[in-house]
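This is what each chain is made of:
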Amino acid sequence: MDILGGIANEHIRKGTFTSATAHCFTAIFGSGILALPWSVAQVGWILGPILLIFFAIITLYTSVLLTDCYRSQSDPINGKRNRTYTDAVRSLLGRKNVICCGVVQYIMLWGTMIGYTITTVVSIGTLEKTVCFRTKGHNAACRVDATPYMLGFGAIQILLSQFPNLEEITIISVIATITSFIYATVALTLCIVKLYFDPQIRGNMMGAATVEGIALSTKTWKIFQALGNIAFAYQVSLLLLEIQVFAQAIFGIHERWVATMWPESIFNKTQKVCNGKVSFTLSKLVLRPAFVVLTTTVAMMLPFFNAILSLLGAFSFFPLTVYFPLTMYMTQAKIKRGSCEWMFLQSISLICLVVSLMAGTGAIADIIEKLHHVKLFRIEL
């Protein structure tokens, strides 16, 4: 992700169909998938499948338009490649839009790091809680303090932050693909087994709207929040033009900025040890761990799985999945303002903006409500 400037030289493409598939599979089968059952339960068996199909169609349509922006508009067949999302925005929409797009991408990447940190810790804590119930019975008071897991995960990330070019290590995505496929298969198998031995259809047709004993405002926020969760599950726009290893992209932005501001500082000079076999900069040794500590701290302050994912989905769905692809397509195809196609595309944009605003409102309301019932820097399950 390059916000400030273009790419001087043509990037050497080392990816293969296999590596690209592994990266995409890993990204799609992420934490967003884990929130879908809860989301469908909130909106019900009627609206739930409709929303899944709606987001799928919108994402597919805008993804096709975005891939058409891979080449520069002067020559869509053999023209210069826009190898990143921001390169495409810069080529078609100009510098001001690049800055807006870059800021949204930056916040999205950082927010996703926070979301995955919460997901990992909640998953480990839930596993411990499940084992407790299995050994002590379902009536046992199995409270889990997941704070040590959060600190341990942060420590591991500090170590991994010093590894360069993780996006080029295909085996990481292969392993992640295998594990993603395993947990998705396990979840599906458990659902089938549960339905076989207890053939009852859970939930209801209208979701949380018909549940008694819950305030209307709470029902509304949960339904809105479900929209954001579903939107987050369809975040593929970041993958179409580039592979982003979330933290690596952010590290690169910080380090390039520091190097630009203080080019002669010893902070940015490459240091070599072990007879030149290992190289590092003080900038890398200090900034990366500091950023990981900040990310872990925020995750400990806001350990709300569904709400954080919904907020991320609301924040990124409209600009990255809808607005920029549609606007770039209209610029590239020279769609006339006021034409039928222009009004159709603007209608899609407006509908998706409303959906994002609803989802964001529900997520923020849920976070505010939960902050009244948690202890700061303590994660209990």
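Here's what I pulled together on the structure shown here. (Residues numbered from 1 in each chain as written. Predicted model: local features only at pLDDT ≥ 70, side-chain atom pairs only at ≥ 80, totals over all residues. Heavy atoms only, no water.)

**Some words on the overall build of the chain**
Then, number 1: Helix and strand content of the chain: 13 helices and 2 strands.
Then, number 2: Burial statistics for the chain: of 381 residues in total, 40% are counted as buried.
Then, number 3: Partitioning the contacts of the chain with sequence separation of at least 6, the portion at a separation of at least 24 is 80%. (Helix = DSSP H or I, 4+ residues; strand = E, 2+ residues; numbered from the N terminus. Buried < 20%, exposed > 50% of the residue type's maximum accessible area, 1.4 Å probe, protein only. Contact = heavy atoms within 4.5 Å.)

**Points about the packing of aromatic side chains**
Pairs of aromatic rings are described using the distance from one ring centre to the other and the angle between the two planes.
Then, number 1: Tallied over the entire structure, the rule returns 11 aromatic pairs.
Then, number 2: Aromatic side chains Tyr196 and Phe197 sit 5.1 Å apart centroid to centroid with 90° between the ring planes, which places their arrangement in the edge-to-face category. Of the two residues examined, Tyr196 and Phe197, each falls in the exposed class.
Then, number 3: Geometrically, the ring pair formed by Tyr323 and Phe324 is edge-to-face, given 5.2 Å between the ring centres and 70° between the ring planes.
Then, number 4: By relative accessible area, Tyr323 is classed as partly exposed at 30%.
Then, number 5: In this structure Phe324 comes out as buried when scored by relative accessible area, which is 3%.
Then, number 6: Ring pairs connect the aromatic residues Phe54, Phe55, Tyr234 and Phe317, which therefore count as one cluster. (Phe/Tyr/Trp six-rings, centres within 6.5 Å; stacked < 30°, edge-to-face > 60°.)

**Some thoughts on the packing of helix α4 (residues 85-93) against helix α5 (residues 95-136)**
Each pair of packed helices gets described by two things: the angle between the helix axes and the distance between those axes.
Then, number 1: Direction vectors running N to C along α4 and α5 enclose 160°, while the axes themselves pass 8 Å from each other. Compared by their axis directions, α4 and α5 come out roughly antiparallel. In this structure, α4 crosses over α5, and the sense of that crossing is right-handed. Contacts between α4 and α5 involve Tyr85, Thr86, Val89, Arg90 and Leu93 from the first element and Asn97, Val98, Cys101, Gly102 and Gln105 from the second.
Then, number 2: When grouped by side-chain class, the residues that make up the contact of α4 with α5 number 5 nonpolar, 4 polar and 1 charged. (Axes fitted to C-alpha atoms, helices over the stretch in contact; angles between N-to-C directions. Parallel < 35°, antiparallel > 145°, perpendicular 65-115°, else oblique. Left-handed = near helix turned anticlockwise from the far one by under 90°. Nonpolar A, V, L, I, M, F, W, Y, C, P; charged D, E, K, R; others polar.)

**Thoughts on the nonpolar core**
Nonpolar side chains tend to gather and get buried jointly when the protein is soluble and globular.
Then, number 1: Ranked by internal contacts, the top residues of the largest apolar core, which has 41 residues, are Tyr85, Val89, Leu320, Phe324 and Met328.
Then, number 2: Of all the elements in the fold, those that place two or more residues in this core are α4, α5, α10 (246-261), α11 (282-301) and α12 (305-332).
Then, number 3: Broken down by element, this core gets its largest block of residues, 9 residues, from α5.
Then, number 4: Counting residues in hydrophobic clusters, the runner-up holds 25 residues, among them Leu36, Val43, Phe317 and Cys352. (Core = buried A, V, L, I, M, F, W, Y, C linked by side-chain atoms within 4.5 Å.)

**Overview of the side chain of Thr59**
Then, number 1: The residue Thr59 is located in helix α3 (residues 36-67) in this model.
Then, number 2: A polar contact of 2.7 Å, which involves the side chain of Thr59, links it to the backbone oxygen of Phe55.
Then, number 3: In contact with Thr59, not counting residues within four places along its chain, are Tyr234, Val236, Phe317 and Thr321. (Polar contact = N/O pair within 3.5 Å; in protein donor to acceptor, adjacent residues only side chain to side chain.)

**Considering the packing of α5 against α12**
Then, number 1: Remark: α5 packs on α12, axes separated minimally by 10 Å, with the N-to-C direction vectors making an angle of 155°. Classed by the angle they form, the pair α5 and α12 counts as roughly antiparallel. Here α5 and α12 pass one another in a crossing that is left-handed. Contacts between α5 and α12 pair Asn97, Cys100, Cys101, Val104, Gln105, Ile107, Met108, Gly111, Thr112, Gly115, Ile118 and Thr119 from the former with Phe305, Ile308, Leu312, Phe315, Ser316, Pro319, Leu320, Tyr323 and Phe324 from the latter.
Then, number 2: Residue classes in the contact of α5 with α12 are distributed as 14 nonpolar, 7 polar and no charged.

**Considering the state of the cysteines**
Then, number 1: In this structure the tally under the stated criterion is 1 disulfide.
Then, number 2: With its sulfur 2.0 Å from that of its partner, Cys132 forms a disulfide with Cys142. Because the torsion about its S-S bond is -75°, the bridge between Cys132 and Cys142 counts as left-handed. Residue Cys132 is found in helix α5, and its partner Cys142 is found in the loop between α5 and α6 (147-160); the two are separated by 10 residues along the sequence.
Then, number 3: Since its relative accessible area comes to 17%, Cys132 is described here as buried.
Then, number 4: Here Cys101 stays free of any disulfide, with the sulfur of Cys100 as its closest cysteine sulfur at 8.7 Å. (Disulfide = S-S within 2.5 Å.)

**Some points on α5**
Then, number 1: End to end, α5 covers 61 Å across 42 residues, agreeing with the expected 62 Å (1.5 Å per residue, within 8%).
Then, number 2: Following α5 by one or two positions, Gly137 has its phi on the positive side, about 100°. (Expected span 1.5 Å × (residues − 1).)

**Considering the environment of Ile124**
Then, number 1: Mapped onto the secondary structure, Ile124 falls in helix α5.
Then, number 2: For Ile124, a relative accessible area of 35% gives the class partly exposed.

**Observations regarding unusual backbone geometry**
Working note: non-glycine residues mostly have negative phi, and peptide bonds are mostly trans.
Then, number 1: Of note, Lys334 is a non-glycine position whose phi angle comes to about 55°, a positive value.
Then, number 2: Tracing the sequence through the fold places Lys334 in the loop between α12 and α13 (340-371).

**Some details on a nonpolar patch on the surface**
Then, number 1: A surface patch of nonpolar side chains, amounting to about 830 Å² of accessible area, comprises Trp45, Ile46, Leu47, Ile50, Leu195, Ile201, Met205 and Met206.
Then, number 2: With 4 residues, α3 is the largest single contributor of residues to the nonpolar patch.
Then, number 3: With respect to the helices and strands, the residue Ile201 is situated in the loop between α7 (170-197) and α8 (216-233). (Patch = residues over 30% accessible without salt bridge, like charges linked within 9 Å, V, L, I, M, F, W, Y side chains within 5 Å. Areas by Shrake-Rupley, 256 points an atom, 1.4 Å probe, with all protein chains shown as cover. Salt bridge = Lys/Arg side-chain N within 4 Å of Asp/Glu carboxyl O.)

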